[in-house]
Amino acid sequence: MSHLLPIRSALFVPGNRPERVDKAVASGADAVIVDLEDAVPSGLKEATRPVVRDRILAHPGRMILVRVNGLESGGAEADLEAVVCQGLFGIVLPKVDDGAPIHEVQALLTRLEARRSLRPGTVKIIPLIESAMAIENAYRIAAEKTEPERTLTLAFGAADYALDVGMEITKTGEELWYPRSRLVVACRAAGVDGPLDTPFMVDLKDVQAFEADARRAKQLGFQGKLCIHPSQVAFCNRLFSPTEEEVAFARRVVEAFEAREAGGSAAFEVDGKFVDYAVVKRARRVVRMGEKILANNSRY
Ligand code: GLV
Ligand code: MG
């Protein structure tokens with residue numbers, strides 16, 4: 001599904017706060033994830049479902065996903081029943097530890113899409129990887145095939161992961177290199193786009209620490225980051241887009257490569273940087289991504 005634009009920022013908002021859903025949609029986030037799971041008190045979940053459905057219907061054309069409750073909670077089916085409607089882009093499925101939940105949800109979605117006259121496969125799935133078992137099975141989860149295809153990518157939930165493995169999350173995040181790297185490798189090996197990084201939760205007031213955290217995810221190959229405050233969105237949109245300079249340089253690399261290759265050389269330098277087939281492929285990707293984002297008018 002890599003023809004889609006990257007999701008550079010996906011802003012979480014509790015489903016029981018409808019006014020915040022509207023603010024999130026106005027924040028410029030590529031995606032808004034309306035939460036029915038851990039940000040909503042247990043006693044309010046039932047009343048929140050129709051509220052979330054109304055907010056989806058109120059924002060047609062926006063990329064709105066709902067984090068439903070996990071299958072293990074017993075609440076997922078009622079969540080889907082309430083929120084699968086015209087305009088729902090997808091669901092974030094929490095606590096996915098192996099491939100089985102993907103098929104269970106696939107069956108539920110297929111039935112609901114048919115009942116609501118939606119094209120089969122309309123509702124996409126982003127499994128949330130947030131346990132030791134899920135990290136172990138990340139490749140299998142990402143590669144689990146459904147017909148029609150629904151899995152967009154994986155997302156990382158460091159809070160539940162840390163709870164599961166007994167990890168202390170720090171501002172500098174060294175402890176997260178391993179699970180993050182596993183997720184990137186799993187997604188790419190399964191042929192899906194780079195994953196979405198965990199929200200930064202350690203210190204919401206430390207903007208520099210948040211930005212450094214997002215940079216680490218970008219370096220590793222994540223396509224974007226889950227955000228928990230509207231103030232985090234603009235930075236992620238910028239960070240996970242190629243800059244104008246990067247696109248311009250990538251164009252020069254592509255042009256130089258085409259000329260040199262015709263002249264019998266596939267390894268040379270541009271502005272002191274080594275270029276060969278791998279480098280030019282990456283440059284072509286940067287150019288394509290820059291053009292897609294530019295065409296969507298959401299970046300420059
Ligand atoms: C998100 O759900 C997390 O557990 O970090
Ligand atoms: Mg979680």
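Because the structure is a prediction, the values reported are computed rather than measured.

Draft legend 1. Examining the pattern of salt bridges more closely. Under the counting rule described, the total for this entry stands at 25 salt bridges. For Glu81, the salt bridge goes to Arg115, with nearest N and O atoms at 2.7 Å. One end of the pair, Glu81, is in helix α3 (residues 76-83); the other, Arg115, is in helix α4 (residues 100-115), with 34 residues separating them in the sequence. Here Asp203 and Lys171 are joined by a salt bridge, their closest N and O atoms 3.1 Å apart. Of this pair, Asp203 sits in the loop between β7 (196-197) and α9 (207-220) while Lys171 sits in the loop between α7 (158-165) and α8 (177-189), and the two are 32 residues apart along the sequence. A residue is classified by how much of its surface remains accessible, and Lys171, at 32% relative accessible area, is partly exposed. Through salt bridges with shared partners, one network takes in Asp35, Glu37, Asp38, Arg67, Lys95, Glu130 and Asp160.

Draft legend 2. Representation of the environment of Ala295. Examined against the element boundaries, Ala295 turns out to sit in helix α12 (residues 277-295). By relative accessible area, which is 69% here, Ala295 ends up exposed. Separated by 60 residues in the primary sequence, Ala295 and Phe235 have C-alpha atoms spaced 20 Å apart.

Draft legend 3. Layout of a positive patch on the surface. Where like charges cluster on the molecular surface, the positive patch consists of Arg188, Lys218, Arg282, Arg285, Arg288 and Lys292. Note that Arg188 resides in helix α8. Arg188 sits in the partly exposed class, given a relative accessible area of 44%.

Cut-offs applied
- Residues numbered from 1 in each chain as written.
- Chains lettered and ligands numbered in written order.
- Predicted model: local features only at pLDDT ≥ 70, side-chain atom pairs only at ≥ 80, totals over all residues.
- Heavy atoms only, no water.
- Salt bridge = Lys/Arg side-chain N within 4 Å of Asp/Glu carboxyl O.
- Helix = DSSP H or I, 4+ residues; strand = E, 2+ residues; numbered from the N terminus.
- Buried < 20%, exposed > 50% of the residue type's maximum accessible area, 1.4 Å probe, protein only.
- Patch = residues over 30% accessible without salt bridge, like charges linked within 9 Å, V, L, I, M, F, W, Y side chains within 5 Å.
- Areas by Shrake-Rupley, 256 points an atom, 1.4 Å probe, with all protein chains shown as cover.
- Lys, Arg positive; Asp, Glu negative; His and termini not counted.
- Charge placed at Lys NZ, Arg CZ, Asp CG, Glu CD.

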